[in-house]
Amino acid sequence: MALGAWVQGGIGFGSALVAAPLLALVDTSFVPGQVTVVTTFLNLFIIHASDAAAFDREVRWALGGLVPGTIAAGVTLLALSSRGLSLAFAVMVLFAVALTGSGWAVAKRPSTLFGAGVLSGFMGTVSGIGGPPIALLYQHDSGPTLRATLPRYFLVGGAITMVTLVAVGKLGGEELLRALVLVPGMLVGLAGSPWLAGHVDRRTARPFVLSLSALAGVSVLLKEIL
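The residue numbering used here restarts from 1 in each chain and proceeds along that chain's sequence as written. In view of the model being predicted, local features appear only for residues whose pLDDT reaches at least 70, and side-chain atom pairs are presented and counted only at 80 or more, with totals across whole chains, interfaces and linings using the full set of residues. Note: side-chain values were computed over all heavy atoms of the structure, leaving out hydrogens and water.

> Describe the overall build of the protein, naming the residues involved and giving the relevant values.
When helices and strands are tallied, the protein shows 11 helices and zero strands. The secondary structure listing takes helices from DSSP runs of H or I that are at least 4 residues long and strands from runs of E that are at least 2 residues long, numbered from the N terminus. Ordering the α and β elements of the protein from the N terminus gives α-α-α-α-α-α-α-α-α-α-α. The atom set for the radius of gyration is the C-alpha atoms, and the globule formula is 2.2 Å times the number of residues raised to the power 0.38. On C-alpha atoms alone, the protein measures out to a radius of gyration of 16 Å, which is about the 17 Å that the 2.2 N^0.38 rule sets for 226 residues. With respect to the three principal axes, the spread of C-alpha positions in the protein is 45 × 35 × 30 Å. Across the 226 residues in the protein, those meeting the buried criterion constitute 50%. Taking all contacts inside the protein whose residues are at least 6 apart in sequence as the whole, residues at least 24 apart take part in 85%. Accessible surface, the protein: about 9900 Å² in total, of which carbon and sulfur atoms supply 69%. By the counting scheme adopted, Arg and Lys are positive, Glu and Asp are negative, and His together with the chain ends is not counted. Charge coordinates come from a single atom per side chain, which is NZ of Lys, CZ of Arg, CG of Asp or CD of Glu. Here the protein holds 13 positive side-chain charges and 9 negative ones, and the gap between their average locations is 5 Å. Only protein chains enter the area calculation, which uses a 1.4 Å probe; residues under 20% of their type maximum are buried, those over 50% are exposed, and those in between are partly exposed. Here, two residues are considered to be in contact whenever any of their heavy atoms come within 4.5 Å of each other. Residue burial considers only the protein chains on display, and all accessible areas are found by Shrake-Rupley using a 1.4 Å probe.

Structure representation (structure tokens):
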């Protein structure tokens, strides 16, 4: 969790992408509920430090797509067994890595933002990793715009995901208590993130983030298959 928060605070993306697959190797019950709770609150700290004037209001189209995507994910979670959820999680991690690393150029317009919101809501609820679809559309925006826009989007997305997880029985009092275990790590990583922001940019950090996430995702997949 500290590593994920360090990356998120330093380069603007990657908290769940890094932390979720690593946590799943420790205990699959950490995803998607606990990691979603902690990464959602992590965004509050990043929002506080961002420049609100750089916020991109067009992201509202993506916010509109979160609801149908999250509802579809909730239905999927009800149908999956524990092993099925682990396998779906591993596939989502690898898909998120491929999507983030593709550099695919997608025009940022209402239709693509809405579609990214649907996919983001689905991925975020199933795996705790909902950032790649929306980050893909904002990959060429300035640092201030990213830090002002994406955390606000992720905050809303995380809130919707948590409500859905509660509704389908995947997030309750026990999961919330277990989420507290991750808070110290989040705070440590956040405290160290200004150093990362001053020494490493998004392009430099991307191979490290993607390689670590892919390795963890493959490990979870092999763990369930073998």
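> Run through the pattern of salt bridges, naming residues and quoting values.
A carboxyl oxygen of Asp or Glu within 4 Å of a side-chain nitrogen of Lys or Arg is what we treat as a salt bridge. Tallied over the full model, the rule gives four salt bridges. The partner of D27 in a salt bridge is R178, with the nearest N and O atoms 3.0 Å apart. On the criterion of sequence distance, the pair formed by D27 in the loop between α2 (15-26) and α3 (33-49) and R178 in helix α9 (residues 173-179) is long-range, its members being 151 residues apart. Among the residues examined, R178 registers a relative accessible area of 27% and is labelled partly exposed. Ionic pairing is found between K108 and D56, a salt bridge with its closest N-O pair at 3.4 Å. Of this pair, K108 sits in the loop between α5 (82-102) and α6 (110-127) while D56 sits in the loop between α3 and α4 (60-79); the two residues are 52 residues apart in sequence, bridging distant segments of the chain. Judged by relative accessible area, which is 32%, K108 ranks as partly exposed.

> Now, about the environment of V168: what can you tell me, with residues and values included?
For V168, the location among the structural elements is in the loop between α8 (143-167) and α9. For V168, a relative accessible area of 18% puts it in the buried group. Each C-alpha atom of the pair V168 and G74 lies 6.4 Å from the other, and the pair is 94 residues apart in sequence. Each residue touching V168, except ones within four places of it in the same chain, is listed here: G74, L77 and L78.

Distances and angles like these do not, on their own, reveal function.
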